[in-house]
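Observations on chain architecture
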Amino acid sequence: MATETLTIGKALNTGLRRALENDPKVIIMGEDVGKLGGVFRITDGLQKDFGDQRVIDTPLAESGIIGTAVGLAIRGYRPVCEIQFDGFVYPAYDQIVSQVAKMHYRSRGKLSIPMVIRIPFGGGIGAVEHHSESPEAYFAHTAGLKVVSCANPQDAYVMIQQAIASDDPIVFLEPKRRYWEKGQVDLDAPLSDAYPLHSARVVRPGTDVTVLAYGPMVRTCLEAATAAAEDGRELEVIDLRSLSPLDLSAAYESVKRTGRAVVVHEAPSNIGLGAELAARITEECFYSLESPVLRVTGFDTPYPAARVEEEYLPDLDRVLDAVDRTFGW
Amino acid sequence: MAKGDPGGTTRSRRAAPRSRKGATGDPELVQLLTPEGERIDSVTGPDGTEYRVDFTDEEYRGLYRDLVLVRKLDAEATALQRQGELGIWASLLGQEAAQVGSGRALRTQDMAFPTYREHGVLYCRGIDPIMPLGLFRGVDQGGWDPNEFKFNMYTIVIGAQTLHATGYAMGITMDGKTGTDDGEAVIAYFGDGATSQGDVNEAFVWAGVFNAPMVFFCQNNQYAISEPLERQTRIPLYQRAAGFGFPGVRVDGNDVLATYAVTRTALDNARHGQGPSLIEAYTYRMGAHTTSDDPTRYRIASEVEAWQAKDPIARVKTFLEKQKIADADFFAEIDEQARRESVDLRERVLAMPDPEPVTMFDHVYPNGSPLLDEQRAQFSRYMESFEGSAH
Ligand SMILES: Cc1ncc(C[n+]2csc(CCOP(=O)(O)OP(=O)(O)O)c2C)c(N)n1
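Note that the structure is a prediction, hence the values are computed from the model and not measured.

Conventions adopted
- Residues numbered from 1 in each chain as written.
- Chains lettered and ligands numbered in written order.
- Predicted model: local features only at pLDDT ≥ 70, side-chain atom pairs only at ≥ 80, totals over all residues.
- Heavy atoms only, no water.
- UniProt positions renumbered as here; feature names shortened; annotations may be inferred.
- Helix = DSSP H or I, 4+ residues; strand = E, 2+ residues; numbered from the N terminus.
- Pairing = 2+ DSSP bridges.
- Axes fitted to C-alpha atoms, helices over the stretch in contact; angles between N-to-C directions.
- Contact = heavy atoms within 4.5 Å.
- Parallel < 35°, antiparallel > 145°, perpendicular 65-115°, else oblique.
- Left-handed = near helix turned anticlockwise from the far one by under 90°.
- Nonpolar A, V, L, I, M, F, W, Y, C, P; charged D, E, K, R; others polar.
- Salt bridge = Lys/Arg side-chain N within 4 Å of Asp/Glu carboxyl O.
- Buried < 20%, exposed > 50% of the residue type's maximum accessible area, 1.4 Å probe, protein only.
- Right-handed = clockwise from strand over helix to strand, strands pointing away.
- Near = heavy atom within 4 Å.
- Polar contact = N/O pair within 3.5 Å; in protein donor to acceptor, adjacent residues only side chain to side chain.

1. Some words on the UniProt feature "domain: Transketolase-like pyrimidine-binding" (unreviewed entry) in chain A
- Residues annotated in UniProt with the feature "domain: Transketolase-like pyrimidine-binding" (unreviewed entry) correspond here to residues 6–181 of chain A.
- In the segment residues 6–181 of chain A, helix accounts for 36% and strand for 18%; the C-alpha atoms at its two ends are 8 Å apart.

2. A look at the sheet that holds strand β7 (residues 170–175) of chain A
All names here are of chain A.
- Strand order in the open sheet formed by seven strands is β3-β2-β4-β5-β7-β6-β12, with mixed pairing between adjacent strands. Among the strands making up the open sheet, the edge pair consists of β3 (55–57) and β12 (242–244). Averaged over all pairs of adjacent strands, the angle between their axes in this sheet comes to 20°, without regard to strand direction.
- Strand direction decides the pairing type here: strand β2 (residues 26–30) and β3, joined by three bridges, are parallel. Within β3, the position partnered with M29 by the bridge is I56.
- The sheet contacts of helix α3 (residues 62–74) involve β2, β4 (78–82) and β5 (116–121), and relative to β4 the element is tilted by about 170°.

3. As for the packing of helix α2 (residues 57–82) of chain B against helix α12 (residues 312–322) of chain B
All names here are of chain B.
- Running from N to C, α2 and α12 cross one another at 150°; their axes reach a closest spacing of 10 Å. Taken together, α2 and α12 sit at an angle that is classed as roughly antiparallel. In this structure, the crossing between α2 and α12 has a hand that is left-handed. Listed contacts from α12 to Y60, Y64, L67, V68 and R71 of α2 are P312, I313, V316, K317, F319 and L320.
- When its residues are assigned to classes, the contact of α2 with α12 shows nine nonpolar, no polar and two charged.

4. Thoughts on the pattern of salt bridges
- In this structure the tally under the stated criterion is 43 salt bridges over all chains.
- Salt-bridge contacts for A:R233 lead to A:D324; the nearest nitrogen and oxygen are separated by 2.6 Å. Of this pair, A:R233 sits in the loop between α8 (216–230) and β11 (235–239) while A:D324 sits in helix α12 (residues 316–327), and the two are 91 residues apart along the sequence.
- Judged by its relative accessible area of 25%, A:R233 is partly exposed.
- Classification of A:D324 by relative accessible area gives partly exposed; the value is 43%.
- For B:E336, the salt bridge is made with B:R340, and the minimal N-O distance between the two is 3.8 Å. Of this pair, B:E336 and B:R340 are both found in helix α13 (residues 328–350), four residues apart, which corresponds to roughly one turn of the helix.
- Put simply, A:R178, A:E181, A:R219 and A:E223 are held in one network by salt bridges that share partners.

5. What about the pairing of β7(A)?
All names here are of chain A.
- Summarising burial for β7: six of the six residues are buried, a large majority.
- Of the two faces of β7, the one carrying I170, F172 and E174 and the one carrying V171, L173 and P175 are both buried.
- Strand direction decides the pairing type here: β5 and β7, joined by six bridges, are parallel. Residue pairing in the sheet places R118 in a bridge with F172 of β7.
- Examined bridge by bridge, strand β6 (residues 146–149) and β7 share four bridges and lie parallel to one another. When the bridges of β7 are listed, K146 appears paired with I170.
- With helix α7 (residues 153–165) bridging β6 and the parallel β7, this β-α-β connection has right-handed handedness.

6. Some points on the sheet that holds β11(A)
Residue and element names in this part refer to chain A.
- The sheet built from five strands is open, its strands ordered β9-β11-β10-β13-β14 with mixed pairing. The sheet terminates laterally at β9 (201–204) and β14 (294–298), the two strands that pair on one side only. On average, adjacent strands in this sheet sit at an angle of 30° to one another, irrespective of strand direction.
- One ladder, built from four bridges, connects strand β13 (residues 261–268) with β14; its direction is parallel. The residue of β14 that forms the bridge with P268 is G298.
- Along the sheet, α8 makes contact with β9, β10 (209–213), β11 and β13, crossing β11 at roughly 170°.

7. Brief notes about unusual backbone geometry
- Between A:S244 and the following residue, A:P245, the backbone shows a cis peptide bond with an omega angle of -5°.
- Take A:P245: it is sitting in the loop between β12 and α9 (249–258).
- The backbone of B:K150 shows a phi angle near 55°, a positive value even though the residue is not glycine.
- Secondary-structure assignment places B:K150 in the loop between α6 (146–149) and α7 (160–174).
- With phi around 80°, B:Q222 is a residue other than glycine that occupies positive phi space.
- Turning to its location among the elements, B:Q222 is positioned in the loop between β5 (214–220) and β6 (223–224).
- On the accessibility criterion, B:Q222 (9% relative accessible area) is buried.

8. Quick look at the site of the ligand
- Inspection of the region around the ligand gives 20 residues, with A:E62, B:Y116, B:R117, B:I156 and B:G193 positioned closest.
- The environment around the ligand is built from residues contributed by chains A and B.
- The side chain of A:Q84 places a nitrogen or oxygen atom 3.5 Å from a nitrogen atom of the ligand.
- A distance of 2.5 Å separates an oxygen atom of the ligand from a polar atom in the side chain of B:Y116.
- Grouping the amino acids of the shell around the ligand by side-chain chemistry returns ten nonpolar, six polar and four charged.

Encoded structure:
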C-alpha cells in the first residue's frame, strides 16, 4: 500500500494528475491553472506534464469557462473547471444553474454534462472581499447539480477522482483554509471500492451529541470534540461529504442514540443547509430528540472585513456553547 | 501544407492564433514624450484626432511630483505588506503615468470607477492615500465617500464596474448634463484581462447603444496575473472599440503627457455628447500582480528590463532636466516630500485599529432587519459572556 503524507492541496493535485493520466478526455481549464499552477498551486506542474491542450489557461471570463466546458462535455470531454475564488463564481452562475444543471433533464437524458466545477470556498485566510464566501446553498438548492466537499487529504485525493469519473455535473467545494493541512493518503485506494462519493462518514464516534459538519468545519468540530471529551462529553462528529444529495442515514442512526444534534457551517444560517438538516433530523428522529437541533453558523451579513472574520466564523467556543445549550433543555 | 493552399484537408489550429503579432507586436502608440525624454509636439491618432499638450513649467513639475509621490506611497504599502501590516497589496509600479495622466485629465465633475489598483487615480481625486489601505489591511472595505470625491469604491470582481460606470453615464445623459464644457463624463478603469469578461463587453454594447458619456480606460499591463495578453485577445485591444461602434486609441501608457492628452480629449468628447470611447494605455506591470503572486513562474527578467528602460518617471525627469524646467534642488525637495509622506502613511497605518466585531452587523440594510437585530443582540450577549474570563 503506497501511503504518503500529503496536504489537502497536494492530494488534490495528485488526484487531478491521476485523472489526467487515466482518461485522455479529462481536461483542466481555468484562470492561471497553467504555468502558475493556479493561485493555490492545486494544478502545479500539470500543464508542464500534460501540455496546454489538456491543462488550459482560459481567458479571464467565468461564464466563458463554464459555458465552453458545457460544449466540450457535449463533445465527449470531461472538463474540470477551476473557479479561482468562491466570490468569482457568480459571473458563471447563470451557466451553472441554467445550463449545466438542466442539460440532462431538458434533453430527456440524451445529453450528460460530466463536469467538475472546483471552487476554493469559505473563510479563514484573512483575505479581502470576494475571496471568502460560502455559496454552497445556492448550488445545493439547484436540482441537477451535485455538490460535495472534502475535509481531509485522503478524501481530497479520492473524491476529486470520483467526481471526475462521475457523469453528473459536480460542484466540488475545496476548504481553502485547510489546503495546507496534512494527513495520510493511500494512493492505491481503488476508486470504485473506496468510500462512495455521496456518502457521509462518522469521523469520530461518540455517545452524547451528534455534530454534523462538512468541509472546513469538520476540523473545527473534531477539535471541539477533543475539548468536550476533557469535560466528559462524547461528541459524535459526522462529515457529510456530500451536500447534494445529502446522506443522512448515519446522522439519523446517530441522533437516535445521542438524542441531540448540532449542525455547524460557515455559511449564514438564514435559509441555509443547516435549516434543511435540522428539519430532516426533526422529522426522522422526533421521538428520540432531547432538545431542538441547533445551528452554529456564520451570520446573516456579507462576509466582514478580515480583521473580524474570527468572530464571524464558527469556532470551537461557539460549537461547545451550542453543545452546552442542547443540554440545557 | 503550403500557405494559401486551398486544399480541403483540415488545417491544424494548434498553432498560435494568426494575428498573434498584432496583439503584442509593434503597437501604434500615441506618444508625446519618448523614453529618452524627447518631446513630440503633436500626434494624430488612428481616427484622425490630433493630440497635443501645452503645459506651463509649473504644471510639468506638478506632474512629476505626482508620479514620484504615487510611486513612493505604493512602495511604502508594499513594504507594509511584507511586514505583515497589510493582508495583501496590489502595486501600481510601472503604471504611474497611465494613472496620473488620466487622473489629472478628469475635471472635478467627472466620475471615476476604479478597480483595486488605481491608487494613483485615487490620489489625483484628492483622497487620502491611507483610504485603500484599510481594505488591504482587512479593517474595512474601503472608507471614502464615492459621491464626495467622485471616485467609486475599488472593485475586485473583474469588470463589474464598467457596467456601473455605463449606467452612471446614462444617468448623466438623462439628467441633460452633457453638451457643454461643464458637462459631466465618466471614466471606467480595467485591465487587459478584464476585456474578456462578459460584463465589459456588455458595457461596451450599452455605452455604444445609449451614446453614454463614457471613457473606457484599459490599462494593458500585459498580464492578468500569470496570463499574457495573447490569452485574452487576438487583436490589439483598442481595435475592439470599432466593433462596438465607437473610437479606440492606443496610447503609450508610460507617457504621462500622452495619457493626459488622450484622456482629456476622450472625456471632453463624451461631455459634449459625442459618446463613448476606448483608450488602451499600453504599459507594463513591473512588479508582481499582488504581493501573493510569484511572477518568476511566468515571465523572464529580460522582459522586465526592457520595460524598465521605458520607465514613466525617468523620462519626465530627463525632460525636465534637459529643458531646465527643474533643477537638482527641486528633485531633492520632491524626494524629501515623498519620504515624509510615506513615513506619515506608515505611522497612520500602524495606528489603524481593528474594528469592533459587533460592527459587522452594521449597514447590511438601510432599513435594518429584525433577523440581524436579533443576531446582533445574541452576539453581544455571547461576547459579554467571555468578559472577565481568561478567554
Ligand atoms: C470575476 C473575477 N475573476 C477572477 C478574479 C481573480 N483575479 C483578480 S485580478 C485578476 C487578473 C486581472 O487582470 P487584468 O484585468 O489584466 O488587471 P490587472 O490586475 O493586470 O491590472 C484575476 C484573475 C477576480 N478578481 N474577479
